[in-house]
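Architecture at a glance
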Amino acid sequence: EFDRVLGMEASFAGTSFLTIDKMSNFRYGSPIVNINADATIPGALGTFGYDDEGVPAQKFDIIKNGIFVGYLTSRETAPVIGQKSNGCMRADGWGKLPLIRMTNINLLPGNSTLDQMISEVKDGLYLATNRSWSIDDKRLNFQFATQVGWEIKNGKLGSMVKNPNYTGITPDFWGSCDAIAGKKEWRVWGLPNCGKGEPMQVAHVAHGAAPARFNNIKVGVGR
Amino acid sequence: MIDKQLIVNALKAAIDYSKADQTEVLATSGSNALTRFSNNQIHQNVSQTNMSISVRTIIDKKIGYASTNRLDEHSIKKTVDKSIEIAKFKQPDAELVSLPTPKPIVTRDLISNETISFSPMDRAKAIQKLMGIVEPQNLTAAGAFSTGYTIIGIANSLGILTVGAISEADLKTVVMAATGSAYGSSVSIDVGSIDIERIGRSVKKRALDSQNPSDIDPGVYPVILSPDAVADMISFLAFAGFGALAKQEGRSFMGDRIGQQVVGSKVSIWDNALDENTIGLPFDFEGVPKQKVVFIENGVAKAFCYDSYTAQKESVESTGHALPAPNTYGPLPLNLIMASGNTPIGEIIKTCERAILVNRFHYTNLEDPIRTIFTGMTRDGTFLIENGKIKTPVKNLRFTQNIVEALSQVEELSSERELKDAILGGAYVPWAKIAEFKFTGATQF
């Protein structure tokens with residue numbers, strides 16, 4: 001979100017490590033990682049016709065083959081980098097100021113499958129359904145806990161694990177991604193309560209994703 | 001300017017019109033303005049005046065809810081009708097007994113006319129004063145300054161009718177140096193008590209002191225936690241385990257431990273909306289008078305807080321901690337207070353051989369509510385203390401910490417306390433020296 005990069009959210013959620021100098025040259029993830037924003041996906045929670053500055057809903061790349069290539073912008077902010085708005089300004093109601101909000105932010109499908117990914121793991125975890133989230137004020141160090149997880153041993157799912165969590169540094173984490181499931185297992189997940197701004201605004205957003213595999217991730221933090 | 005009669009009229013209109021078995025109405029109105037700044041400029045200035053009415057109706061133990069922000073007669077009736085229509089489609093709640101009956105409520109004056117009449121230009125001048133303190137040092141300020149008031153009224157068909165009003169002024173600022181930052185905040189009913197000069201000087205010094213932070217390895221360290229961090233931590237503890245619903249659902253760490261030592265003996269935590277150091281109306285969102293509830297006294301678990309629903313399950317009285325319906329969280333405290341110690345924070349720091357001073361937590365979250373494990377980052381000034389002196393700023397750390405274990409290792413609490421915003425309302429708390437705090441990760445700044 002470009003307003004964060006420009007410091008406009010500094011007193012609340014913070015800023016961003018993705019400074020302007022990193023555009024088009026920063027390796028955010030492994031070469032198989034492609035992330036886009038697409039406000040035109042039919043039926044998705046972050047879909048609309050026009051944003052609150054009258055800019056049509058659009059689809060554009062954020063991470064292309066692992067390289068950071070684009071921000072979410074607005075008419076207010078895009079000129080700073082010589083661009084036109086890509087239509088991400090939304091307020092949560094008539095009485096609020098529009099802010100740059102996620103639309104549908106998607107990890108694009110790859111060419112693997114969940115079963116194949118599991119079968120290739122000697123020692124790992126399969127984690128599902130996020131239950132808590134935390135990230136630092138430049139969006140680098142994060143930690144998430146999930147509702148459920150299972151051991152993977154020699155390519156097979158094993159015992160269920162209790163209260164799993166995992167942590168990492170954002171580009172290191174995405175850099176460790178070595179497999180993403182394909183279109184058949186890709187779906188859009190809605191999030192009705194993304195918070196931002198002062199006073200707080202709650203946005204409907206979504207994330208399209210398929211199962212994905214990441215290596216050498218620290219798990220069981222503080223357990 | 002404060003028109004309580006509008007709210008009273010709306011409450012009465014809804015109650016008089018409803019033909020449900022029991023009816024409860026919550027009506028609010030208010031005006032709140034906020035001036036936001038970043039990069040040493042005001043970049044947003046907003047103001048909202050709004051009102052709302054929410055109606056809870058009960059028919060044969062089936063509960064319906066509906067709300068509107070229009071307080072004309074037709075809209076109120078339509079909302080009552082909608083609530084009743086919804087109730088008819090619901091399954092009955094066999095455990096529901098009754099809405100509460102009226103009890104005497106003390107009055108509390110929580111209105112400052114200076115706050116209500118504080119204009120956008122007044123807020124801008126205050127922010128300009130802050131900029132005047134930090135800009136000459138090549139520091140960048142961001143933050144938000146809000147002023148306003150809210151009127152809240154509750155009525156039900158059993159005779160409850162109560163209205164109260166609160167004004168609030170709230171300043172938060174993050175001041176950034178090239179390689180460091182500091183945070184300052186102040187909240188009060190009275191905008192006149194927000195001391196911009198004092199806040200500005202304090203954050204300026206801490207921002208300058210926080211520059212060029214060193215790397216530090218994660219690990220278990222003694223810590224000094226500021227009131228901001230302590231408020232965050234005990235607020236999560238309260239969310240996880242002080243409410244009767246958590247107890248009844250078997251989720252509370254205090255569960256069957258009333259009367260037992262659960263944390264260190266220096267720790268006492270209670271809720272009191274009538275304390276002069278908190279900002280709280282004297283009644284809850286069911287119109288029940290708020291009681292002081294002592295959750296932990298000298299480390300011993302003492303009590304939970306209740307609303308009418310959870311109280312009736314145990315045949316006890318509501319303690320006046322209901323949240324607005326519909327509410328799936330159960331009763332929760334909004335005006336936490338933690339006992340202070342006897343030693344000023346400056347003297348406590350001198351007792352530290354090696355410790356980490358945390359000014360603020362960021363993006364905290366409960367990973368395991370039953371074991372009270374929470375995680376988050378440090379932010380806006382984290383320092384290493386050695387041999388009783390604040391030695392050097394350090395890069396931010398992630399912690400993953402069991403709150404009950406942390407409070408079991410409190411070595412000292414400061415004599416000073418401050419009122420801080422928390423995830424549940426506000427908390428009036430001291431600084432805390434804790435023997436062991438688990439830092440499980442680090443970041444790059």
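Residues numbered from 1 in each chain as written. Chains lettered and ligands numbered in written order. Predicted model: local features only at pLDDT ≥ 70, side-chain atom pairs only at ≥ 80, totals over all residues. Heavy atoms only, no water.

Bringing the pairing of strand β14 (residues 373–378) of chain B into the picture now. Residue and element names in this part refer to chain B. Within β14, 6 of the 6 residues are buried, leaving the element largely enclosed by the surrounding structure. Here 5 bridges tie strand β13 (residues 361–368) to β14, and the two strands are oriented antiparallel to one another. Along β14, the bridge assignment pairs Asn365 with Thr375. The turn linking β13 back onto β14 is made up of 4 residues, and Thr372 within it adopts a positive phi angle of 55°. As judged from the 5 bridges shared by β14 and strand β17 (residues 397–402), these two strands associate in the antiparallel manner. What sits directly across from Thr375, in β17, is Thr400. (Buried < 20%, exposed > 50% of the residue type's maximum accessible area, 1.4 Å probe, protein only. Helix = DSSP H or I, 4+ residues; strand = E, 2+ residues; numbered from the N terminus. Pairing = 2+ DSSP bridges.)

With that out of the way, let us pick up the pattern of salt bridges. Residue and element names in this part refer to chain A. One pass over the full model with this rule turns up 34 salt bridges over all chains. Between Arg4 and Glu1 there is a salt bridge, with the nearest N and O atoms lying 2.9 Å from each other. Taking the shortest distance from any N to any O, the salt bridge between Asp178 and Arg213 comes out at 2.8 Å. In this pair, Asp178 is assigned in strand β11 (residues 177–180) and Arg213 in strand β14 (residues 212–214), connecting sequence segments 35 residues apart. Accessibility expressed as a relative area gives 14% for Arg213, which makes it buried. The structure contains a network of salt bridges with shared partners spanning Glu1, Asp3, Arg4 and Lys196. (Salt bridge = Lys/Arg side-chain N within 4 Å of Asp/Glu carboxyl O.)

Our next topic: the nonpolar core. Residue and element names in this part refer to chain B. Grouped together as the largest cluster of nonpolar side chains are 56 residues, with contacts concentrated most on Leu225, Phe242, Ile296, Leu407 and Phe437. Tallying contributions element by element places helix α6 (residues 227–241) first for this core, with 9 residues. Beyond its immediate sequence surroundings of up to four residues, Ile296 is in contact with Leu237, Phe242, Phe253, Met254, Val262, Val263, Val267, Ser268, Ile269 and Lys302. (Core = buried A, V, L, I, M, F, W, Y, C linked by side-chain atoms within 4.5 Å. Contact = heavy atoms within 4.5 Å.)

Now for the interface of chain A and chain B. Counting residues at the interface gives 40 residues for chain A, matched by 41 residues for chain B. Carbon and sulfur atoms make up 48% of the surface buried where chain A meets chain B, a total of about 3,100 Å² over both sides. Of all residues in chain A, Ser11, Asp137 and Glu198 of chain A give up the largest surface area on contact with chain B, accounting jointly for 18% of the area buried on that side. Here chain A is connected to chain B by 3 salt bridges. Here Glu9 of chain A makes a salt bridge to Arg36 of chain B, at a shortest N to O gap of 2.8 Å. The tally of links between chain A and chain B comes to 20 residue pairs in polar contact (both at pLDDT 80 or more). Only β7 (123–135), β8 (141–153) and β10 (165–169) of chain A provide two or more residues apiece to the side of chain A that touches chain B. Of the residues assigned to the side of chain A that touches chain B, the class counts are 17 nonpolar, 13 polar and 10 charged. (Buried area = accessible area lost by both parts, 1.4 Å probe. Polar contact = N/O pair within 3.5 Å; in protein donor to acceptor, adjacent residues only side chain to side chain. Nonpolar A, V, L, I, M, F, W, Y, C, P; charged D, E, K, R; others polar.)

On to the packing of aromatic side chains. Residues and elements named next belong to chain B. Overall, the coordinates contain 25 aromatic pairs over all chains when judged by the stated rule. Ring geometry for Phe242 against Phe295: centres 4.3 Å apart, planes inclined by 10°, an arrangement best described as stacked. One end of the pair, Phe242, is in the loop between α6 and α7 (244–248); the other, Phe295, is in strand β9 (residues 293–297), and 53 residues separate them in sequence. Accessibility expressed as a relative area gives 0% for Phe295, which makes it buried. When the ring centre of Tyr183 is taken as origin, the NZ or CZ atom of Arg360, which lies over that ring, is 3.6 Å away. (Phe/Tyr/Trp six-rings, centres within 6.5 Å; stacked < 30°, edge-to-face > 60°. Lys NZ or Arg CZ within 6 Å of the ring centre and 35° of its normal.)

What follows deals with the confidence of the model for chain B. Mean pLDDT over chain B stands at 97; residues scoring 70 or higher make up 100%. Our summary of model confidence lists the complex with pTM equal to 0.96 and ipTM equal to 0.94. (pLDDT = per-residue confidence, 0-100.)

So, about the sheet that holds strand β4 (residues 140–156) of chain B. All names here are of chain B. Across the sheet, 6 strands lie side by side as β3-β2-β1-β4-β5-β6; this open sheet has antiparallel pairing. Each end of this open sheet is capped by a strand with a single partner; those strands are β3 (62–68) and β6 (181–188). Within the sheet, the average angular offset between the axes of one strand and its neighbour, ignoring direction, is 15°. Here β4 runs beside strand β5 (residues 161–176); their pairing, made up of 16 bridges, is antiparallel. (Axes fitted to C-alpha atoms, helices over the stretch in contact; angles between N-to-C directions.)

Residues and elements named next belong to chain B. Within the secondary structure layout, Ser83 lies in helix α2 (residues 73–89). A relative accessible area of 0% places Ser83 in the buried class. Here Val55 takes part through its backbone oxygen, which lies 3.2 Å from a polar atom of the side chain of Ser83. Residues contacting Ser83, with those up to four places away along its chain left out, are Val55, Arg56, Thr57, Gly64, Tyr65 and Ala66.

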